[in-house]
Structure formats: structure tokens, C-alpha cells
Amino acid sequence: MGMEFNRRIGTSDANDAPNISAGAPVISIVIATHNRSHDVLENVNALLPQCVGQPVEVIVIDSASAPAHAEVLEDLRGRDGLSLIRLDKPGVALARNAGFEAGRGEWIALLDDDAVPRAGWVEAAITCAARCDVHTAILAGRVIPRWPDNAGSLEMPPSSLGPRARLLLSVVDEDGFVDTTHHPIGVGANMLFRRSALDALGGFDVTTGRVGSNLASGEEAQMMTDLIAAGYRCWYSDAFVVDHKVHAGRLTRAWLTERARKEGEVELRSLKTRSQRIARALKMLIATPPLAVLQIRDRPEREYYLRLNHNLGLLRRVLGWAS
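Residues numbered from 1 in each chain as written. Predicted model: local features only at pLDDT ≥ 70, side-chain atom pairs only at ≥ 80, totals over all residues. Heavy atoms only, no water.

Caption draft 1: Representation of the packing of helix H2 (residues 37-51) against helix H3 (residues 67-74) in the model. H3 packs onto H2 with a crossing angle of 20° between their chain directions and a minimal axis gap of 9 Å. Between H2 and H3, the crossing angle belongs to the class labelled roughly parallel. Contacts from Ser37, Val40 and Leu41 in H2 reach His69, Val72 and Leu73 in H3. Residues of the contact of H2 with H3, tallied by class, amount to four nonpolar, two polar and no charged. (Axes fitted to C-alpha atoms, helices over the stretch in contact; angles between N-to-C directions. Helix = DSSP H or I, 4+ residues; strand = E, 2+ residues; numbered from the N terminus. Parallel < 35°, antiparallel > 145°, perpendicular 65-115°, else oblique. Contact = heavy atoms within 4.5 Å. Nonpolar A, V, L, I, M, F, W, Y, C, P; charged D, E, K, R; others polar.)

Structure below.
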């Protein structure tokens, strides 16, 4: 990809990619950020002490942050073991691709800017990656929610959230070290991809990544789907853990509803053929009227309103109503 790749993603200073010695790192840790500079500082302050003496590198991608945030991020350039790349164009998938291109590790680790790695994250990630055979291209980690202080008084307190809502909030809290290929779990807040597999598929799909306030996301989920379809395996481990900040604005029915709709849109884009799209749309059409009735008397464990809005998101994309 090289220079042409950098022109495509709008890199303004791609020459700031890490200077890697002959012994390349095992893991390149990529943190994409847009206007969350103080979250990034908490992230790297927890991460960098763990990196000392370990075969890892940290790459922060400033995804077209506003000047005030960009200025804060510039101070990271002097931190040992960390490199900063600035992009002129925003977009999570674009930023992750820039980190993937710059990284030299056998594995590319994704961390959200507002995810704080717990003590032992680096060592556990290296250990778990070493346990994966060459057919494994995805290794997902545990994501524990850090609820806001006033979470219990918000419209959608944690006690009212079912499994679908928790997943939309990027909560992944399972036990064990298990092969999840047939039921993949994992979110981009804490996930590793084998670099050679990413390279074979050309990086993340920029049409599915979040940009600004648009809640459509899913480039990592799409990559998981494509890699598994290509014959790779997916594993999950509870050994490397992050605390992921859940902002108060997300604990509302409106936010969760729109997020579910965007997930439906992304699902449609992930279907490769016209016949797959038609079949999925027909299934959604059949299921939608009953869900519209059932959501009137919804319960957290059922989450009919989220199922309904996922369907509506897919259908509005089919009908060309999505923005």
C-alpha cells in the first residue's frame, strides 16, 4: 500500500510512523482518537508503564481532532515507546487503517481512546497471542463498563440494560479462553488482529466505520466476519481487560435506539450479494410488525425495541432512506 495508501487516508505527517528496530514488535497497539485527548492521556498513562521491556509499540492516531485536542496530543510525541500520526480526515476506520499501515507487529491491537487497560494488559495480550496458532486471526479481550457516577439516576440505568444494549455499549464480559469462531464476540475497544490477515483483506472497510457523531460503526465486526469467511478462527480471552468509559449521554433510549438502527444499516452493507440482501430484508419485513407490537410491553431481557430498530435500520437502508 505504502505512499498511495497514505494519500488515500489523508495523512498529513505519515513520516511520524514508528522507527522500528530489526527486531519487530509482537504487538502494535493502535489507539484512534477524535476530540478525546484527555481520555487518550488516561489510556496511555495506564498503558506505557506496562510496555517497558516488552515487544510492543504504541501508535496514537489523531483523527482530525480540533486544534485544542490536537495540541494536547502533540505532547505525546516525546513519550518513549509511542508514536503519533495526525490525519486530516476523520473516521475511525481510516484511523485504524493508518495505524495498521504504520505498525510493524505480528498482531495489531485496537484500543478505544476511552478504554483504560488494566494492570497486566500487555503481558496477558502477548501471552494469549502466543497461544494462538497460525489459523487464528482474531483475539478479543474483556471489556468492563465504567459507568458514570450518576448512572443509577439516568434514563437507562445499568440495571435496566439487557444483553443487546450492553453489547451496543461495547460491553464484553465473558469468562475463559475459548474458540468463538462459530459465535464470535469482541469489540474494537479491546481486540487483536493478525497483521498478515488484515493485509490479505486490505485493511478495514472505511464505509462501515464511525465518523464524527454518526453512530454507524462496525468495521471491526465486518473484519471478523470476512476473516472467518476466509477460513480464519476467532478466540476470546478474559485475561487482558480494559475498563471502557460509558458516557452518560449513551444511557438513554434515544441513543440506544439510533445505535441499533445504525447497526442494522451496517449489517446490510456487510451482505455481499444481492440475493443475500433481499433474503435478509424479507426476513426483517416479516419480523418487524410483531416486534412493533411486542415492544409496547418490553422487558430488559427481551429488548424488543432494539430488535425492532435494528430491523428498521436495515430496511431504511434497503429503501434508500438512510442518510
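Caption draft 2: Just the environment of Lys272, in detail. Note on placement: Lys272 falls in the loop between helix H9 (253-270) and helix H10 (274-294). Taking the relative accessible area as the measure of exposure, Lys272 reaches 56% and is therefore exposed. (Buried < 20%, exposed > 50% of the residue type's maximum accessible area, 1.4 Å probe, protein only.)

Caption draft 3: Local environment of a nonpolar patch on the surface. Taken together, Ile278, Leu282 and Leu285 make up a surface patch of nonpolar side chains, about 270 Å² in accessible area. Looking at the secondary structure, you find Ile278 in helix H10. For Ile278, a relative accessible area of 38% puts it in the partly exposed group. (Patch = residues over 30% accessible without salt bridge, like charges linked within 9 Å, V, L, I, M, F, W, Y side chains within 5 Å. Areas by Shrake-Rupley, 256 points an atom, 1.4 Å probe, with all protein chains shown as cover. Salt bridge = Lys/Arg side-chain N within 4 Å of Asp/Glu carboxyl O.)

Caption draft 4: Here's a closer look at the packing of H10 against helix H11 (residues 304-318). Between H10 and H11, whose axes approach to 9 Å, the crossing angle comes to 140°. It follows that H10 is oblique to H11 by the angle criterion. Helix-helix and strand crossings are classified by hand; for H10 and H11 the assignment is left-handed. Of the residues in H11, those in contact with Arg280, Ala281, Met284, Leu285, Ala287, Thr288, Leu291, Ala292 and Leu294 of H10 are Tyr304, Arg307, Leu308, Asn311, Leu312, Leu314, Leu315 and Val318. Residues of the contact of H10 with H11, tallied by class, amount to 13 nonpolar, two polar and two charged. (Left-handed = near helix turned anticlockwise from the far one by under 90°.)

Caption draft 5: Geometry of unusual backbone geometry. For Ala64, which is not glycine, the phi torsion reads 55° and is therefore positive. Its place among the elements puts Ala64 in the loop between strand E2 (56-63) and H3. Positive phi is not limited to glycine here, since Glu303 has a value of about 55°. Along the chain, Glu303 turns up in the loop between H10 and H11.

Caption draft 6: Quick peek at the pairing of strand E9 (residues 233-245). One ladder, built from three bridges, connects strand E5 (residues 115-117) with E9; its direction is antiparallel. Bridge pairing links Ala115 to His244 in E9. Where strand E7 (residues 177-179) lies against E9, three bridges are found, and the strand directions are antiparallel. Its bridge partner lying in E9, Phe177 is registered against Ser237. (Pairing = 2+ DSSP bridges.)

Caption draft 7: Seen up close, the pattern of salt bridges. Here the structure, examined in full by the defined rule, presents 20 salt bridges. Between Asp114 and Arg36 there is a salt bridge whose closest N-O contact spans 3.1 Å. Here Asp114, found in the loop between strand E4 (107-112) and E5, pairs with Arg36, found in the loop between strand E1 (27-33) and H2; they are 78 residues apart in sequence, far enough to count as distant. When its relative accessible area of 25% is taken as the criterion, Arg36 is described as partly exposed. Close ionic contact of Arg194 with Glu106 constitutes a salt bridge, the shortest N to O distance being 2.9 Å. In this pair, Arg194 sits in strand E8 (residues 190-194) while Glu106 sits in the loop between helix H4 (92-102) and E4, placing the two residues 88 residues apart along the sequence. Residue classification places Glu106 among the partly exposed positions, given a relative accessible area of 42%. What you see here is one network of salt bridges that share partners, running through Asp39, Glu42, Arg146 and Lys245.

Caption draft 8: Local environment of H11. For H11, with 15 residues, the first-to-last C-alpha span of 21 Å sits near the 21 Å given by 1.5 Å per residue. For H11, the tally of buried residues reaches eleven of 15 residues, placing the bulk of the element in the interior. The complete set of buried residues in H11 reads Tyr304, Tyr305, Leu306, Leu308, Asn309, His310, Asn311, Gly313, Leu314, Leu315 and Arg316. In this fold, the buried residues of H11 make contact with helix H6 (163-168), H9 and H10. Taken from the residues just after H11, Gly320 is the one with a positive phi, measuring 80°. (Expected span 1.5 Å × (residues − 1).)

Caption draft 9: Summary view of the side chain of Arg316. In this structure, Arg316 sits in helix H11. Residue classification places Arg316 among the buried positions, given a relative accessible area of 19%. A distance of 2.8 Å separates the side chain of Arg316 from the side chain of Glu265, its partner in a polar contact. (Polar contact = N/O pair within 3.5 Å; in protein donor to acceptor, adjacent residues only side chain to side chain.)

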